[in-house]
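# Results of the structural survey
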Amino acid sequence: MQYKILIVEDETILREIVKDYLVNEGHEVIEAIDGEQALELFQEQDFHLIILDIMLPKVDGWAVCRRIRKTSNVPIIMLTARVDEDDTLLGFELGADDYVTKPYSPPILLARVKRLLESRYKINEPSNETLTKNGISVDFSSRTVKVDGNNINLTHTEFEILTYLMQNHGIVITREQLVQKVWGYDYNGDERTINTHIRNLRTKLGSKSKVITTIIRTGYKFEETV
């Protein structure tokens, strides 16, 4: 299936290399050289995924991500030359779904893109499958979530974490299991990454936030009755 991907990268050579890899996979690729252009393109067109550099002219990647997340849950992969774990966590707090540190191998980035696309746009997802527990309702075909009948806007990663916990309600899920489920690879970074996504998810769940309990030094559990 062809997907439409926005690459936001001010380094021309790197942007063209990534574009070539994606085009060779059959995707349509749109390019932006700075944050301002990225936001303009986002307003004008629909994208299946965005690859977003952080250190951009005019408007940085963090600000772009923040603006996009106000209206959209499109999957976002952030790119950065910075190696500070706090920078990574900030990206996740703003709603990024994945994070790749420069320098990176284009095939590795391509694998991350493929994983996110396959997970986000599952063609074999049951069209009528729903799941409801503790006032939280999930519609898998539309990837929508309601809390007591009110829609909440989750990122791709938040949706995957919530549904995985709900499908395994009452069972302790380790951080390692969540990483494998959401990203499909061995994450070598700070475990606070998962904690950050859980914190964002709890905030959006509002009065239902207590259904996700923390199991110290292990992981998390969805409590069917709280």
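What counts, and where the lines are drawn
- Residues numbered from 1 in each chain as written.
- Predicted model: local features only at pLDDT ≥ 70, side-chain atom pairs only at ≥ 80, totals over all residues.
- Heavy atoms only, no water.
- Buried < 20%, exposed > 50% of the residue type's maximum accessible area, 1.4 Å probe, protein only.
- Helix = DSSP H or I, 4+ residues; strand = E, 2+ residues; numbered from the N terminus.
- Pairing = 2+ DSSP bridges.
- Axes fitted to C-alpha atoms, helices over the stretch in contact; angles between N-to-C directions.
- Parallel < 35°, antiparallel > 145°, perpendicular 65-115°, else oblique.
- Left-handed = near helix turned anticlockwise from the far one by under 90°.
- Contact = heavy atoms within 4.5 Å.
- Patch = residues over 30% accessible without salt bridge, like charges linked within 9 Å, V, L, I, M, F, W, Y side chains within 5 Å.
- Areas by Shrake-Rupley, 256 points an atom, 1.4 Å probe, with all protein chains shown as cover.
- Salt bridge = Lys/Arg side-chain N within 4 Å of Asp/Glu carboxyl O.
- pLDDT = per-residue confidence, 0-100.

- Going by an unreviewed UniProt entry, the chain carries the name DNA-binding response regulator and comes from Mesobacillus zeae.

## Observations concerning the pairing of strand 3 (residues 49-53)
- With 5 of 5 residues buried, strand 3 is to be regarded as a mostly interior element.
- The side-chain alternation of strand 3 yields two buried faces, one formed by Leu49, Ile51 and Asp53 and the other by Ile50 and Leu52.
- Here strand 1 (residues 4-8) runs beside strand 3; their pairing, made up of 4 bridges, is parallel. Its bridge partner lying in strand 3, Val8 is registered against Leu52.

## Overview of the packing of helix 1 (residues 12-24) against helix 5 (residues 106-120)
- Two elements in contact, helix 1 and helix 5, have axes whose closest approach is 10 Å; the angle formed by their N-to-C orientations is 55°. The angle between the axes of helix 1 and helix 5 places the two elements in the oblique class. Seen along the crossing, helix 1 lies across helix 5 with a hand that is right-handed. Here helix 1 contributes Ile17, Val18, Tyr21 and Leu22 to the contact with helix 5, which in turn contributes Pro106, Pro107, Leu109, Leu110 and Val113.

## A closer look at the side chain of Arg69
- Within the secondary structure layout, Arg69 lies in helix 3 (residues 61-69).
- Relative accessible area serves as the criterion here: at 12%, Arg69 is assigned to the buried category.
- Residues within four places of Arg69 in sequence aside, it is in contact with Val74, Pro75, Ile76, Leu94, Gly95, Asp97, Asn153 and Thr155.

## Some points on a nonpolar patch on the surface
- Residues Ile13, Ile17 and Tyr21 make up a contiguous nonpolar surface patch of roughly 290 Å² in combined accessible area.
- Its location among the elements puts Ile17 in helix 1.
- By relative accessible area, Ile17 is classed as partly exposed at 34%.

## Topic: unusual backbone geometry
- Along the chain, Lys102 connects to Pro103 via a cis peptide bond; the corresponding omega equals -5°.
- The topology assignment puts Pro103 in the loop between strand 5 (98-101) and helix 5.
- The backbone of Lys58 sits at a positive phi, close to 70°, despite the residue not being glycine.
- Tracing the backbone through its elements, the reader meets Lys58 in the loop between strand 3 and helix 3.
- The class of Lys58 is exposed, set by a relative accessible area of 64%.
- Even without being glycine, Arg217 reaches a positive phi, approximately 65°.
- Residue Arg217 is classed as exposed on the basis of its relative accessible area, which comes to 81%.

## Things to note about the confidence of the model for the chain
- Per-residue confidence for the chain averages 88 on the pLDDT scale, and 92% of its residues sit at or above 70.
- When mean pLDDT is compared element by element in the chain, strand 1 scores highest at 98, while helix 4 (residues 85-93) scores lowest at 76.

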